[in-house]
Amino acid sequence: MAAIAGARAGIAIVMGSPGPATISVTAVGAAFGLRDSLRYASGIVVGTVLVLLVVATGIMAVLTALPKVAALLAVASAAYILYLAFKIATAPPLTARVGGVALPTFFGGFLLAVANPKAYVAIAAVFAGASSGAGGLGISAKLTVLALMIVAIHLLWLLAGAAFARLLRQPLASRIINRVFAVTLIATAALAALP
């Protein structure tokens, strides 16, 4: 029983640890507020669940055998992370926003999630651990539990970011916090991409 509880805690730590997707959800929540971040966060969740299915079905093994596809995903991910970091760093304070501010999109979140190198590594580790120590759970139950964890983890990171939104009504605090989030997003993405 203690081994199963320890395995579950390990799964939560691996899946919930800071990475490009979780940091971006937090940063977007802080920069744009909860309501305006829900589309982006939904894209991250759907994309991460897709990564879970890709890893679980073995499609990832096929994709890694095609180096050009992996390189294309890496370039797309890096470009979007840099774009998103720029948007976060330059987001005006919430009180200074007028109509026309481009909000992060569902597709942008989805793209970041499916091109996020940490997602594949973390989910592969978690899925392997869940497969070996799940005590008789079927594959459908494992996928359901992991998908629910993806939703819960990203929602918690989004809520944490949205809690910063109050501070972002002050111009100086907004600039500082948004730039810290932007740099953190780039740093976590770079760390996740390291072999």
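Let me begin by describing the structure that accompanies this report. From a predicted model like this one, the values you see are computed outputs, not experimental measurements. (Residues numbered from 1 in each chain as written. Predicted model: local features only at pLDDT ≥ 70, side-chain atom pairs only at ≥ 80, totals over all residues. Heavy atoms only, no water.)

Right, let's talk about the overall build of the protein for a bit. Regarding its fold elements, the protein presents 8 helices and 0 strands. Secondary structure elements of the protein occur, N-terminal to C-terminal, as α-α-α-α-α-α-α-α. Considering the protein as a whole, with its 195 residues, one finds that 41% of them fall into the buried category. Partitioning the contacts of the protein with sequence separation of at least 6, the portion at a separation of at least 24 is 86%. Carbon and sulfur atoms provide 77% of the accessible area of the protein, an area that totals close to 9900 Å². (Helix = DSSP H or I, 4+ residues; strand = E, 2+ residues; numbered from the N terminus. Buried < 20%, exposed > 50% of the residue type's maximum accessible area, 1.4 Å probe, protein only. Contact = heavy atoms within 4.5 Å. Areas by Shrake-Rupley, 256 points an atom, 1.4 Å probe, with all protein chains shown as cover.)

Any two packed helices are characterised by the angle at which their axes cross and by the distance between the axes. Running from N to C, helix α2 (residues 20–57) and helix α5 (residues 106–114) point in directions that differ by 55°, and their axes come no closer than 6 Å. Considering the angle they form, α2 stands oblique to α5. The hand of the α2/α5 crossing is right-handed. Of the residues assigned to the contact of α2 with α5, the class counts are 12 nonpolar, 7 polar and 1 charged. (Axes fitted to C-alpha atoms, helices over the stretch in contact; angles between N-to-C directions. Parallel < 35°, antiparallel > 145°, perpendicular 65-115°, else oblique. Left-handed = near helix turned anticlockwise from the far one by under 90°. Nonpolar A, V, L, I, M, F, W, Y, C, P; charged D, E, K, R; others polar.)

With that settled, consider helix α7 (residues 139–164). An ideal rise of 1.5 Å per residue puts 38 Å on 26 residues; α7 measures up with 38 Å between its terminal C-alpha atoms. All buried positions along α7 are accounted for by Lys-142, Leu-143, Leu-146, Ala-147, Met-149, Ile-150, Ile-153, His-154, Leu-158, Gly-161 and Ala-162. (Expected span 1.5 Å × (residues − 1).)

Relative to the 56 Å expected for 38 residues at 1.5 Å per residue, α2 spans just 23 Å between its end C-alpha atoms, considerably shorter than the ideal helical length. Helix geometry: α2 is bent most strongly at Gly-33, by close to 125°. In the stretch just after α2, Gly-58 is the one whose phi turns positive, near 90°. (Bend = angle between axes of the 7 residues up to and from the residue.)

Turning our eyes to something else, we now look at the nonpolar core. If you look at the biggest cluster of nonpolar residues, it comprises 25 residues, and the most contacted ones within it are Tyr-40, Ile-44, Leu-84, Ile-88, Leu-112 and Leu-185. Going through the elements one at a time, α2, α4 (67–89), α5 and α8 (171–193) are the ones with two or more residues in this core. Top element by residues in this core is α2. It accounts for 11 residues. Those residues within four positions of Leu-112 in sequence are excluded, and the remaining contacts are Pro-20, Ala-21, Ser-24, Tyr-40, Ile-44, Tyr-80 and Ile-81. Core analysis: the next-biggest nonpolar cluster, separate from the first, contains 15 residues, Val-54, Val-114, Ala-147 and Met-149 among them. (Core = buried A, V, L, I, M, F, W, Y, C linked by side-chain atoms within 4.5 Å.)

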